Amino acid sequence: MISVHRLTKRYGRAVAVEELSFDVAPGAVTGFLGPNGSGKSTTMRMIMGLDAPDAGQALIGGRPYAELTWPLREVGALLEARTYHPGRSAHQHLSALAAGGGIPRARVGEVLETVGLSEVAHRRAGTFSLGMSQRLGIAGALLGDPGVLLFDEPVNGLDPEGVRWIRDLMKSLAAEGRTVLVSSHLISEMALTAEHLVVIGQGRLLADTTVAELTADGGSLEEAFFRLTSGSAAYRGTNVTPPTSASSSPRRTR
Ligand SMILES: Nc1ncnc2c1ncn2[C@@H]1O[C@H](COP(=O)(O)OP(=O)(O)OP(=O)(O)O)[C@@H](O)[C@H]1O
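All of these numbers come straight from a predicted model, not from anything done at the bench.

K.L.:
Which residues make up helix α9 (residues 221-229), and what values go with them?
P.N.:
Every buried residue of α9 is listed here: Leu221, Ala224, Phe225 and Thr229. Seen end-on, α9 carries its buried residues on one side only, within an arc spanning 120 degrees. Buried residues belonging to α9 abut β3 (29-33), α7 (187-193), β8 (196-201), β9 (204-210) and α8 (211-214).

Next comes the structure, spelled out in structure tokens:
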């Protein structure tokens, strides 16, 4: 269980997160949505104890991150890809994490297998593609077999196979009774992955609901998202009308 209570973070005069409160329950994937700059990453960093809130608190299983005895065994997170030394192999990187977190070495092989990196376990991680890096980051999050998992934009830049793999992984982790919070810009992907949604805009809560409830009027999740966030997107281009099928046929070349 993750509990965020009246969480507030300012950077100078700018308010990144304001009086934000929500709970993330175990057993379902909770999508964390919001326009660019709405405070999703800042909130996740505060949950993980990487940023200190100006007010309010973020709790994991009832305690702030700093008070967890064995953090890696209680919460795992993929916040940024490529947070490893490029000269180290995946195996070396995970072994170092395991040693620091009081996790048996045998877990390294297990998580490498889970994420499909066993065959490249001894290759320098600096040579990894984006998809492989994401998998290594996820292996790190799973290392301590934690009950709470946070993923910040895990499918960014991945190919369709990688996207589907991550979707299935999130769902199976939730089905095992874990708490799974995942942020994404891809609304259509969230419609397939998440049951519950927390939507924020300009650091404030806009909705804490289910996908089913948001789309109960028969519209798409994307339409519901735009309705919710219409007043809180920092950047929005002019409306562009997509071409009709008659005018969108490819231009003929001679
Ligand atoms: N270290 C920082 N210093 C100053 N401002 C920051 C810092 N980190 C975040 N911000 C600001 O806080 C606000 C929230 O940023 P954050 O990255 O949390 O949003 P986000 O929802 O994750 O955005 P995106 O969807 O674009 O990743 C933004 O206005 C951002 O510019």
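That covers the picture; the talk isn't over yet.
K.L.:
Lay out the environment of Asp168 with the relevant residues and their values.
P.N.:
Mapped onto the fold, Asp168 is located in helix α6 (residues 160-175). Residues Asp168 and Glu80 lie 88 residues apart in sequence; the distance between their C-alpha atoms is 20 Å.

K.L.:
Explain the packing of helix α3 (residues 90-101) against helix α5 (residues 130-142) to me, using residue names and the numbers behind them.
P.N.:
Where α3 contacts α5, the axes come no closer than 10 Å and their chain directions differ by 25 degrees. If you check the angle between α3 and α5, you find them roughly parallel. For the element pair α3 and α5, the recorded crossing hand is right-handed. Of the residues in α5, those in contact with Ala90, His93, Leu94 and Leu97 of α3 are Leu136, Ala139 and Gly140. Per-class residue counts for the contact of α3 with α5 are 5 nonpolar, 2 polar and no charged.

Reading guide: rules and limits
- Residues numbered from 1 in each chain as written.
- Predicted model: local features only at pLDDT ≥ 70, side-chain atom pairs only at ≥ 80, totals over all residues.
- Heavy atoms only, no water.
- Buried < 20%, exposed > 50% of the residue type's maximum accessible area, 1.4 Å probe, protein only.
- Helix = DSSP H or I, 4+ residues; strand = E, 2+ residues; numbered from the N terminus.
- Arc of directions from axis to C-beta.
- Contact = heavy atoms within 4.5 Å.
- Axes fitted to C-alpha atoms, helices over the stretch in contact; angles between N-to-C directions.
- Parallel < 35°, antiparallel > 145°, perpendicular 65-115°, else oblique.
- Left-handed = near helix turned anticlockwise from the far one by under 90°.
- Nonpolar A, V, L, I, M, F, W, Y, C, P; charged D, E, K, R; others polar.

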